[in-house]
Amino acid sequence: MSSRPAPIYDTIGQTYSANRQTDPRWAGLINQQLDGARSVLNVGAGAGSYEPLHAAVDVVAVEPSSVMVEQRPAGAAPVIRALGTALPFADGAFEAVMAVLTVHHWGDWRTGLAELRRVAPLRVVLAIDFEAHANVWFLRDYVPAVAAVERTLSPSADQIAAELPNSSVIPLPLPDDMADAVLGSHWRHPEAFLDPVVRANCSPLALADPAVVEKGVARLADDLASGAWSRTYADLLECETYDAGYRLVVSDERVRRQEPAAD
């Protein structure tokens, strides 16, 4: 019998697909950065969000959690049960590799990033600036112990960019109507944090001490009932987008063909 611990999303991913859907704006940007790649590996693929859907793109998914695999929709890319730190593919097997909000869950993230480099010359990684993420008002003001843990997490988007050659970092400010209910997406919808299903699908809250989270939720419920939340965070209601620390890291080492100089 294997002594390997069960993947974390076997525990916290039971209702993942209930409100973690593909947001078309993030999907469009990710597909733009994949830049016409005809073969794409999706590492830490989860339930399949953001995988290219074009018939001309050959997508293979890697996901260690059986709970997440079971939530992949019919017609999703074929999935292989494996870890991002030990990809079962030959060097350069794909034109591009993508990893969406997963690298910070890998035990040895540097080895995992080296694996991304090994299997594809183009890498698109959706990552987090954890300092900005910890500053999301619910974490900062209602569950500060959870915010403190967020600040200790790695790798940040900048650490990933430093590890992957020829990288750029693209900020992803959140609109208030995100289809993908990441934690920061509720910045103008405080009542969302009262929903246990929403909290279960945000890993910082799902992994936290339940008593700490429940205490913060009770305070929030009181502040919503009294109107204190609206008074304290009135400025948020005037914003069109909010930076909760989500970043797209793009690393491109492809060799591009030089066009002949014009006569």
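The following paragraphs examine the structure supplied in this document. The structure displayed is predicted, hence computed values, not measured ones.

**Quick notes on the overall build of the protein chain**
(1) Moving on: A count of helical and extended segments in the protein chain gives 12 helices and seven strands.
(2) Moving on: In the protein chain, which comprises 263 residues, the proportion classed as buried is 49%.
(3) Moving on: Here the contacts in the protein chain between residues at least 6 apart in sequence split such that 72% fall between residues at least 24 apart.
(4) Moving on: Carbon together with sulfur atoms contributes 53% to the accessible area of the protein chain, which is approximately 12,600 Å² in total.

**Remarks on the packing of aromatic side chains**
Two aromatic rings, taken as a pair, are described by how far apart their centres are and by the angle between their planes.
(1) Moving on: Tallied over the full model, the rule gives 12 aromatic pairs.
(2) Moving on: Between the aromatic rings of Trp137 and Phe138, the centroid separation amounts to 5.9 Å while the plane-to-plane angle is 85°, which identifies the pairing as edge-to-face.
(3) Moving on: Where Trp229 meets Tyr233, the ring centres are 5.1 Å apart and the plane angle is 35°; that geometry is what we call tilted.
(4) Moving on: Of the residues examined, Trp229 reaches a relative accessible area of 3% and is grouped as buried.

**Examining the sheet that holds strand β1 (residues 39-43)**
Note: strands within a sheet are paired through backbone hydrogen bonds, in either parallel or antiparallel orientation.
(1) Moving on: Pairing within the open sheet is mixed, and its seven strands lie in the order β3-β2-β1-β4-β5-β7-β6. Bordering the open sheet on either side are β3 (79-80) and β6 (167-171), each of which pairs with just one other strand.
(2) Moving on: Strands β1, β4 (96-100), β5 (122-128), β6 and β7 (246-252) of the sheet are contacted by helix α2 (residues 24-34), whose axis makes an angle of about 150° with β5.

**As for the environment of Ala206**
(1) Moving on: Position of Ala206 among the secondary structure elements: in helix α10 (residues 203-206).
(2) Moving on: Once the C-alpha coordinates of Ala206 and Pro196 are considered, the two residues, 10 residues apart in sequence, prove to be 9.4 Å apart.

**Comments concerning the pattern of salt bridges**
(1) Moving on: Applying the stated criterion across every chain, the model contains 17 salt bridges.
(2) Moving on: Linking Glu253 and Arg123 is a salt bridge whose minimum nitrogen-to-oxygen distance equals 2.7 Å. Pair noted here: Glu253 is in the segment after β7 and Arg123 is in strand β5, with a separation of 130 residues, a long-range link.
(3) Moving on: Exposure remark for Arg123: the relative accessible area of 2% places this residue in the buried category.
(4) Moving on: Of the charged contacts in the structure, one is a salt bridge between Arg188 and Asp176, with a shortest N-O distance of 3.5 Å.

**Considerations on the nonpolar core**
Generally speaking, soluble globular proteins have nonpolar side chains that are buried together.
(1) Moving on: Grouped together as the largest cluster of nonpolar side chains are 48 residues, with contacts concentrated most on Trp26, Ile30, Leu126, Trp137, Phe138, Leu205 and Tyr246.
(2) Moving on: Of all elements in the fold, only α2, β4, β5, α5 (130-134), α6 (137-142), α7 (144-150), α11 (210-226) and β7 reach the threshold of two or more residues within this core.
(3) Moving on: Setting aside residues no more than four positions away along its own chain, Trp137 makes contact with Tyr142, His186, Trp187, Pro190, Phe193, Leu220, Trp229, Tyr233, Leu236 and Tyr242.
(4) Moving on: Core analysis: the next-biggest nonpolar cluster, separate from the first, contains 24 residues, Val60, Phe94, Val97 and Ala161 among them.

**Concerning the pairing of β4**
(1) Moving on: Counting buried positions over the five residues of β4 gives five, a clear majority of the element.
(2) Moving on: Alternating positions in β4 separate into two faces, Ala96, Met98 and Val100 on one and Val97 and Ala99 on the other, with burial throughout.
(3) Moving on: The pairing of β1 with β4 spans four bridges and is parallel. Directly across from Val43, in β4, lies its bridge partner Ala99.
(4) Moving on: Relative to β5, β4 runs parallel, the two sharing five bridges. Of the residues in β5, the one forming a bridge with Val100 is Leu126.
(5) Moving on: In terms of handedness, the path from β4 via helix α4 (residues 109-119) over to β5 forms a crossover that is right-handed.

**Looking at α4**
(1) Moving on: Of the residues making up α4, those classed as buried are Trp109, Gly112, Leu113, Glu115, Leu116 and Val119. Summarising the axial view, the buried residues of α4 lie within an arc of 150°, below the 170-degree limit, and thus occupy one face.
(2) Moving on: Along its buried surface, α4 packs onto β1, β4, β5 and α8 (157-163).

**Examining the environment of Val146**
(1) Moving on: Within the element layout of this structure, Val146 appears in helix α7.
(2) Moving on: A relative accessible area of 5% means that Val146 is categorised as buried.
(3) Moving on: A C-alpha to C-alpha distance of 8.2 Å links Val146 and Val213, two positions 67 residues apart in sequence.

**Focus: the environment of Val67**
(1) Moving on: Along the chain, Val67 falls in helix α3 (residues 66-69).
(2) Moving on: Overall, Val67 belongs to the buried group, its relative accessible area being 13%.

Thresholds applied
Residues numbered from 1 in each chain as written. Predicted model: local features only at pLDDT ≥ 70, side-chain atom pairs only at ≥ 80, totals over all residues. Heavy atoms only, no water. Helix = DSSP H or I, 4+ residues; strand = E, 2+ residues; numbered from the N terminus. Buried < 20%, exposed > 50% of the residue type's maximum accessible area, 1.4 Å probe, protein only. Contact = heavy atoms within 4.5 Å. Areas by Shrake-Rupley, 256 points an atom, 1.4 Å probe, with all protein chains shown as cover. Phe/Tyr/Trp six-rings, centres within 6.5 Å; stacked < 30°, edge-to-face > 60°. Pairing = 2+ DSSP bridges. Axes fitted to C-alpha atoms, helices over the stretch in contact; angles between N-to-C directions. Salt bridge = Lys/Arg side-chain N within 4 Å of Asp/Glu carboxyl O. Core = buried A, V, L, I, M, F, W, Y, C linked by side-chain atoms within 4.5 Å. Right-handed = clockwise from strand over helix to strand, strands pointing away. Arc of directions from axis to C-beta.

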